[in-house]
Amino acid sequence: MSLRRAREDALCGYPVQSLALSRAALEDWGTCIYVEKNPDKRGLWLRGELHEVEQEGQPPKFKKIWNEVSGGLGAQATEAYGVLSLFAHPRDTGLSWLYHWDPDTTHLHWDGHFEPKNLRVCLYFLVSISQMLLERVAQLQFRVLASVDERWLAEGLAISERAGEFMDQVHGETVRVLDDAGAAGRRDEDDE
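Residues numbered from 1 in each chain as written. Predicted model: local features only at pLDDT ≥ 70, side-chain atom pairs only at ≥ 80, totals over all residues. Heavy atoms only, no water.

Some points on the nonpolar core
No. 1: Formed by 34 residues in total, the largest nonpolar core has its most connected members in Leu 19, Leu 26, Trp 66, Trp 97, Val 121, Phe 125 and Ile 129.
No. 2: Of all the secondary structure elements, the ones that give two or more residues to this core are helix H1 (2–11), helix H2 (15–37), helix H4 (62–68), helix H5 (74–88), helix H7 (116–145) and helix H8 (150–191).
No. 3: If you tally residues by element for this core, the top one is H7, at 10 residues.
No. 4: Excluding residues within four positions of it along the chain, Leu 26 makes contact with Trp 66, Ala 77, Ala 80, Tyr 81, Ile 129 and Met 132. (Core = buried A, V, L, I, M, F, W, Y, C linked by side-chain atoms within 4.5 Å. Buried < 20%, exposed > 50% of the residue type's maximum accessible area, 1.4 Å probe, protein only. Helix = DSSP H or I, 4+ residues; strand = E, 2+ residues; numbered from the N terminus. Contact = heavy atoms within 4.5 Å.)

Listed below in structure tokens is the structure:
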């Protein structure tokens, strides 16, 4: 659901909110995969929510979670999570997406502020995270239904191929947009 909402926010001109929701989806799946691999640790997330849970300790940081999960999520998830954190906790790159300025005034983006390049950055991360989780969704479908619908799988693979082409096409632009935004944020800090 987070990825669906992230898509809607991206289309409506709310790129920071879209990217924060993409990070939330990645975080949710990372937690689920970690707990699946470490069922003895599931109480770490439930203590304080359920009185009968008395587990000691804190949930691990996501750097540790990404290092422990396999299935292609590790390094790719660590990198995506780091970039998306700039938007979920606005600073540097993410902060400069929340407002723009000219010599006379600063414009805060309270309403949607649509820019095609920002939409492509959001879609880049949506597609990337969806690609990472496709196999996990198929596994979940298999566990719940005891089979994976062949048509669903074939359509998923075809969409995945088109998505890969999109990722290849916009990758360089995405990196430049993020680098430019980060540089703008650092220039503002230098001016203070």
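Quick notes on H1
The periodicity of an α-helix, 3.6 residues per turn, causes residues three or four positions apart to be oriented the same way.
No. 1: Burial in H1 covers these residues: Ser 2, Leu 3, Ala 6, Asp 9 and Ala 10. For H1, the angular spread of the buried residues around the axis is 115°, confining them to a single face.
No. 2: Following H1 by one or two positions, Gly 13 has its phi on the positive side, about 90°. (Arc of directions from axis to C-beta.)

Thoughts on the confidence of the model for the protein
No. 1: Within the protein, residue pLDDT values average 76, and 78% of them lie at 70 or more.
No. 2: Of all the helices and strands in the protein, strand E2 (residues 106–108) carries the lowest mean pLDDT, 68, while H2 carries the highest, 88.
No. 3: Residue range residues 185–192 is modelled with pLDDT below 50. Its contacts to residues more than four positions away, or to other chains, number six contacts. (pLDDT = per-residue confidence, 0-100.)

Considering the environment of Ala 163
No. 1: Among the secondary structure elements, Ala 163 is positioned in helix H8.
No. 2: Setting aside chain neighbours within four positions, we find Ala 163 in contact with Val 127 and Gln 131.

Description of the pattern of salt bridges
No. 1: Summed over the entire model, instances satisfying the criterion amount to three salt bridges.
No. 2: The closest approach of N and O atoms between Arg 7 and Glu 8, which form a salt bridge, is 2.8 Å.
No. 3: According to the relative accessible area criterion, Arg 7 is partly exposed, its value standing at 42%.
No. 4: Here Glu 8 falls in the partly exposed class, since its relative accessible area comes to 30%.
No. 5: As a salt-bridge pair, Arg 23 and Glu 27 come within 3.6 Å of each other at their nearest N and O atoms. Remark: Glu 27 and Arg 23 occur in helix H2; sequence separation between them is four residues, near one turn of the helix.
No. 6: Judged by its relative accessible area of 22%, Glu 27 is partly exposed. (Salt bridge = Lys/Arg side-chain N within 4 Å of Asp/Glu carboxyl O.)

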